[in-house]
Amino acid sequence: MNLITKNLSFKHENEYYLNDISLEFKVGNLYTLLGRTLSGKTSFLKTIAGLQPLDSGQITFEGKDFNSIPVWKRNVAMVYQQFINYPHLTVFDNIAFPLKQRKMKSSDIENEVSSAINKVGLQGFEKRKVQELSGGQQQRVALARSLAKKAKILLLDEPLVNLDYKLREDLRDEFKNIFSDDLSSQSILIYASTDPMEAMQLNGNIIVIDEGKILQHDTAKEVFENPSNIKVAEITNEPAMNIVSGSVESKKIILNKNVQIALPNHLKTIGPGKYYFGLRANDLVLDDSGFQFAVDLAEISGSETFLHLHQDNLKMILMMEEVKNFNNNDKVKINIDINKLYAFDKRGDLIFSPFRKN
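All figures in this text were calculated on a predicted structure; none of them were measured in a lab. The residue numbers shown here count from 1 along each chain, following its written sequence. In keeping with the predicted nature of the model, local features appear solely for residues at pLDDT of at least 70, side-chain atom pairs appear and are counted solely at 80 or more, and the whole-chain, interface and lining totals rest on all residues. The basis for every side-chain value is the complete set of non-hydrogen atoms in the structure, without hydrogens or water.

J.: Could you clarify how one ought to interpret the overall build of the protein in this entry?
T.: Numbering of helices and strands starts at the N terminus; helices are DSSP runs of H or I of at least 4 residues and strands are runs of E of at least 2. The helix and strand inventory of the protein stands at eight helices and 20 strands. Taken along the three principal axes of its C-alpha coordinates, the protein extends 75 × 45 × 40 Å. When each of the 358 residues of the protein is scored for burial, the buried share is 48%. Across the protein, the fraction of contacts at a sequence separation of at least 24, relative to all contacts at a separation of at least 6, is 65%. In these tables, accessible area is a Shrake-Rupley quantity obtained with a 1.4 Å probe, and a residue counts as shielded only by the protein chains included in the view. Summing over all exposed atoms, the protein offers an accessible surface of approximately 17,700 Å²; the carbon and sulfur share of this is 46%. For the charge count, each Lys or Arg is scored as positive and each Asp or Glu as negative, with His and the chain ends excluded. We put the charge of a Lys on NZ, of an Arg on CZ, of an Asp on CG and of a Glu on CD. Placing the 44 positive and 45 negative side-chain charges of the protein at their respective mean positions leaves the two points 4 Å apart. Partly exposed residues are those whose accessible area sits between 20% and 50% of the maximum for their type, while under 20% is buried and over 50% is exposed, using a 1.4 Å probe and protein chains only. Any pair of residues with heavy atoms lying within 4.5 Å of one another is described as a contacting pair.

J.: Just checking my understanding: could you explain a nonpolar patch on the surface for this structure?
T.: Patches in this entry comprise residues that are over 30% relatively accessible and not in a salt bridge; like charges within 9 Å are linked, as are nonpolar side chains (Val, Leu, Ile, Met, Phe, Trp, Tyr) within 5 Å. Basic side-chain nitrogens of Lys or Arg form a salt bridge, by our definition, when they fall within 4 Å of a carboxyl oxygen of Asp or Glu. Residues Leu51, Val71 and Trp72 make up a contiguous nonpolar surface patch of roughly 360 Å² in combined accessible area. You can see Trp72 is positioned in the loop between β5 (64-65) and β6 (76-79). Given a relative accessible area of 71%, Trp72 falls into the exposed group.

J.: Quick question: what am I supposed to make of empty space enclosed by the protein here?
T.: The probe, sized like a water molecule, is rolled over the atoms to show the empty space still left. The way it works is a 1 Å grid over only the protein atoms, where trapped points that fit a 1.4 Å probe form a cavity and open points with protein on both sides within 12 Å along at least five of seven lines form a pocket, and then any residue with an atom within 4 Å of a point lines it. Grid points are joined across faces, edges and corners, and a volume is the space filled by probe spheres set on the points. This structure, assessed with the given rule, holds one cavity of 30 Å³ or more. Here the largest cavity is characterised by a volume of approximately 50 Å³. Lining the largest cavity are Asn242, Val244, Leu255, Phe277, Gly278, Leu279, Met316, Ile336 and Leu341. Of all the elements, strand β14 (residues 273-279) adds the most residues to the lining of the largest cavity, at three residues. Broken down by class, the residue content of the lining of the largest cavity amounts to seven nonpolar, two polar and no charged. Polarity classes work like this: nonpolar for Ala, Val, Leu, Ile, Met, Phe, Trp, Tyr, Cys and Pro, charged for Asp, Glu, Lys and Arg, and polar for all others, with Gly in that last group.

J.: What am I meant to see in the sheet that holds strand β15 (residues 284-301) here?
T.: Sheet strands pair by backbone hydrogen bonding; their relative direction is either parallel or antiparallel. Pairing within the open sheet is antiparallel, and its four strands lie in the order β17-β16-β15-β18. If you trace the sheet from one side to the other, it starts and ends with β17 (314-320) and β18 (331-336), each paired once. This sheet shows a mean twist of 50° between the axes of neighbouring strands, independent of strand direction. Pairing between strands requires that DSSP locate at least two bridges from one strand to the other. For β15 and β18, the ladder comprises seven bridges, and the chain directions are antiparallel. Paired with Ala294 across the bridge in β18 is Lys331. Helix axes are fitted only over the stretch in contact, all axes being lines through C-alpha atoms; the angle between N-to-C directions runs from 0 to 180 degrees.

J.: Please explain the environment of Asp20 as it appears in this structure.
T.: Of note, Asp20 is situated in strand β2 (residues 15-25). Judged by its relative accessible area of 46%, Asp20 falls in the partly exposed class. In this structure the C-alpha to C-alpha distance between Asp20 and Ile214, which are 194 residues apart in sequence, comes to 8.6 Å. Discounting residues that sit within four places of it in the chain, Asp20 has contacts with Asn7, Leu8 and Ser9.

J.: Looking at this structure, how should I read the pattern of salt bridges?
T.: Oppositely charged side chains can form a pair if their charged atoms are brought close together. Under the defined criterion, the tally for this structure stands at eleven salt bridges. In this structure, Lys152 engages Glu62 in a salt bridge whose closest nitrogen and oxygen atoms are separated by 2.8 Å. Taken together, the positions of Lys152 in the loop between α4 (135-148) and β7 (153-157) and Glu62 in the loop between β4 (56-61) and β5 put the pair 90 residues apart, joining distant regions of the chain. Look at Lys152 and you get partly exposed, because its relative accessible area is 29%. Among the ionic pairs, Asp283 bridges to Lys340, the shortest N-O distance being 3.7 Å. With Asp283 in the loop between β14 and β15 and Lys340 in the loop between β18 and β19 (342-344), this residue pair connects regions lying 57 residues apart in the sequence. Of the residues examined, Asp283 reaches a relative accessible area of 12% and is grouped as buried. By relative accessible area, which is 31% here, Lys340 ends up partly exposed. Taken together, the shared-partner salt bridges in this structure form one network comprising Asp283, Asp337 and Lys340.

Next comes the structure, spelled out in structure tokens:
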């Protein structure tokens, strides 16, 4: 019952939206398609749903050629960024709409709609018109309609992106509960997101996509701990992982003439030469005994402060889990957690990770 894509490609005006994508999706699993805007996420989902043509490639599901199955016959449900509901219908009728189209019995429709409403927490709203609901409630209606269809493939295209921050957090937690119930044992769930934190919290399999190409496909833990290359390291972190060029000489890492650090244990076998080094923003800390940097910009986001720093040509971002005010050109001292350093070769491929035995 697996969904298999083989060498999918789609190009428009000489630009690849999908570029030779081969993947296998297993029933009972959640997959997060993670990538930046215009990376190919929506194109891939639309291809599975039959809403976008292919230049080449094949899709099979349950051993059948999906390419030859028209949209209305594919057992696929899709939830979009926008709240796509029927404004003149009640919540109940919105959710029941695809079931009525199948001419199901009224009693069966009642049961399926009630079950879907309970899963998304809309009890008591059955008779309301959708335009009377909040944005978050409208997105729940769209999700409930997809759940009620009991589709074997459920596609979610950044369903929370248009909601405010707090509501996104609440719904994300609820989505995890919905995905972990008996639906997940029957279906394939593919969730597209630009938010690396969202992808990690959903804790399924992560597929990193960029410019229509698949860069890495593995568990959330493996992708986070061992990004296969610099691009993956940037995409899977918010803010993007600090990537700086440097060299290894005399058992030291030299980032510039003033910032030189001892080789940590996990990099003891690295040879002399030039490399790229990676460090997450929260692995830099303010420390009076550290290296001096100047503040270019201080950003406050919720309960966190992001400092954009530089020393000569060396630029880094530090994240602290508190709100603190800084002025441009303030001088601060920072320490680098050398035990969290990544090393990439000249091509940008991962060669040493703090989480991998080398």
